[in-house]
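# Structural characterization, general
The primary structure of each chain is shown beneath.
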Amino acid sequence: MSLPLPLALDRISEELARLHGRALALQDAASGGGAAMQDLDRMTQELEALSGFVGGMAGLAQEGGTEFGPLLAAVHLGDIRARLAGEAGAAEGAGDLEML
C-alpha cells in the first residue's frame, strides 16, 4: 500500500480535528461518569496511536524514506488505521474497544 506524505498528513489532520471535537464534548460531559470516562480512555489510545504514526513518519522522512505503508500497518487500533488508509466504511466508533 502506498501512502504519500501529503495524503497521510491530511488524514492525520482530519483525525486530530475529530479528536478535538470529542475532547470538547467530553468537557461538557465530564461530570457524566462512566460513558464519558470510557470515551476519554479511547481518545487517549487514539492519540497515542497517532503520535506513534506521526513519529514514525518523521523518522522515516528524515532518512529520506517515502513509503509509510509499514507504519500504517503498525497502528494497532483498527478503526484509526482504516481511516488513515482511506478505507470506506471506517466510521467513527467502529472497531474494537480497547480498555486500558
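Note: the structure precedes this text.
Notes on the structure follow.

Calculation criteria
- Residues numbered from 1 in each chain as written.
- Predicted model: local features only at pLDDT ≥ 70, side-chain atom pairs only at ≥ 80, totals over all residues.
- Heavy atoms only, no water.
- 1 Å grid on protein atoms, 1.4 Å probe; cavity = no way out; pocket = protein on both sides within 12 Å on 5 of 7 lines; lining within 4 Å.
- Points joined across faces, edges and corners; volume = space filled by probe spheres on them.
- Helix = DSSP H or I, 4+ residues; strand = E, 2+ residues; numbered from the N terminus.
- Nonpolar A, V, L, I, M, F, W, Y, C, P; charged D, E, K, R; others polar.
- Buried < 20%, exposed > 50% of the residue type's maximum accessible area, 1.4 Å probe, protein only.
- Contact = heavy atoms within 4.5 Å.
- Salt bridge = Lys/Arg side-chain N within 4 Å of Asp/Glu carboxyl O.
- Expected span 1.5 Å × (residues − 1).

## Section: the layout of surface pockets
- Within this model, the largest pocket holds a volume of roughly 220 Å³.
- Lining the largest pocket are 11 residues; nearest its centre among them are E48, A49, A74, V75 and H76.
- Among the elements that line the lining of the largest pocket, the one with the most residues is helix 2 (residues 34-62), at 5 residues.
- Of the residues that constitute the lining of the largest pocket, the class distribution is 6 nonpolar, 3 polar and 2 charged.

## Notes on the environment of A49
- One can find A49 in helix 2.
- Judged by relative accessible area, which is 17%, A49 ranks as buried.
- Each C-alpha atom of the pair A49 and L77 lies 7.2 Å from the other, and the pair is 28 residues apart in sequence.
- Excluding residues that lie within four positions of it along the chain, A49 makes contacts with V75 and L77.

## Here we look at the pattern of salt bridges
- The full count for this structure, using the stated rule, is 8 salt bridges.
- Salt-bridge contacts for R22 lead to E46; the nearest nitrogen and oxygen are separated by 2.5 Å. You can see R22 sitting in helix 1 (residues 5-29) and its partner E46 sitting in helix 2, a full 24 residues away along the chain. A single burial state applies to R22 and to E46, both of which are buried.
- When the shortest N-O distance is used, the salt bridge between R42 and E46 registers 3.2 Å.

## Description of helix 2
- Between its first and last C-alpha, helix 2 extends 42 Å over 29 residues, near the 42 Å set by a 1.5 Å rise per residue.
- The complete set of buried residues in helix 2 reads A36, D41, R42, M43, Q45, E46, A49, L50, F53 and M57.
- Those residues of helix 2 hidden inside the fold are in contact with helix 1, helix 3 (69-73) and helix 4 (78-84).

## Here we look at helix 1
- Helix length check: helix 1 (25 residues) gives 36 Å between terminal C-alpha atoms against 36 Å at 1.5 Å per residue, within 8%.
- Taken as a whole, helix 1 has its buried residues at A8, R11, I12, E15, R18, L19, R22 and L26.

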